Amino acid sequence: MSAVGSTPKGTWSLVAGWGLIVGGTILTVSVFVDFALGDGFAWWTLAWMFVLCPEGVRYLDAERGSGRIAARIQALLPWRLGAAALLLWAGLITDWARGHGTDWLVLVAAVLVLASVAVTAFASVTARAERRRARTEGADALG
């Protein structure tokens, strides 16, 4: 049996969670170190802080905790993606205002994150409407 098949699924969730937390922390610290050293402010690197660290905490809580924190972090997904998109676009606009060229990888990421914000917001609104509809139908059936 391979090592992947012999390891419980929960172990991989914990490894992924800790990896996301460590990676997100390193990226976040590097933003401020680069800024202090005069290398500029890396907006796009900071944007990952809103994605990696919370997802790592969500993985850990879903595996080892009660799941309440994971549910709250998942509920904040549209807002976290929105903050990441805002930082990505702020970095692109700042670079364009300074006369720098376009970093195409960051531009593609900014467009994709913005699209995911739209999809996530739409899914959130439709889920909320569905819950509201189910509640009113349940109340109508009772009374």
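Predicted model, so just to flag it, every value in this text is computed and none were measured.

(A) Spotlight on a positive patch on the surface. The grouping of R128, R131, R132 and R135 at the surface amounts to a positive patch. Position of R132 among the secondary structure elements: in helix α7 (residues 104–142).

(B) Structural view of a nonpolar patch on the surface. Where nonpolar side chains cluster on the molecular surface, the patch consists of W18, V22 and I26 and spans about 330 Å² of accessible area. Looking at where V22 falls in the secondary structure, it is placed in helix α2 (residues 9–36).

(C) Highlighting the layout of surface pockets. Reported here for the largest pocket is a volume of approximately 210 Å³. Every residue along the wall of the largest pocket is listed here: W44, A47, W48, V51, L81, A84, L88, D103, L105, V106, A109 and V113. Only α3 (43–47), α6 (77–97) and α7 provide two or more residues apiece to the lining of the largest pocket. Per element, the largest residue contribution to the lining of the largest pocket is 4 residues, and it comes from α7. Tallied by class, residues from the lining of the largest pocket come to 11 nonpolar, no polar and 1 charged.

(D) Focus on the confidence of the model for the chain. Across the chain, the average pLDDT comes to 83, with 89% of residues at or above 70. Taken element by element, the predicted model of the chain shows its lowest mean pLDDT in helix α1 (residues 3–6) (42) and its highest in α6 (90). Scored below 50 in pLDDT, residues 1–8 shows 3 contacts in the model against residues more than four places distant or in partner chains.

Scoring rules and cut-offs
Residues numbered from 1 in each chain as written. Predicted model: local features only at pLDDT ≥ 70, side-chain atom pairs only at ≥ 80, totals over all residues. Heavy atoms only, no water. Patch = residues over 30% accessible without salt bridge, like charges linked within 9 Å, V, L, I, M, F, W, Y side chains within 5 Å. Areas by Shrake-Rupley, 256 points an atom, 1.4 Å probe, with all protein chains shown as cover. Salt bridge = Lys/Arg side-chain N within 4 Å of Asp/Glu carboxyl O. Lys, Arg positive; Asp, Glu negative; His and termini not counted. Charge placed at Lys NZ, Arg CZ, Asp CG, Glu CD. Helix = DSSP H or I, 4+ residues; strand = E, 2+ residues; numbered from the N terminus. 1 Å grid on protein atoms, 1.4 Å probe; cavity = no way out; pocket = protein on both sides within 12 Å on 5 of 7 lines; lining within 4 Å. Points joined across faces, edges and corners; volume = space filled by probe spheres on them. Nonpolar A, V, L, I, M, F, W, Y, C, P; charged D, E, K, R; others polar. pLDDT = per-residue confidence, 0-100. Contact = heavy atoms within 4.5 Å.

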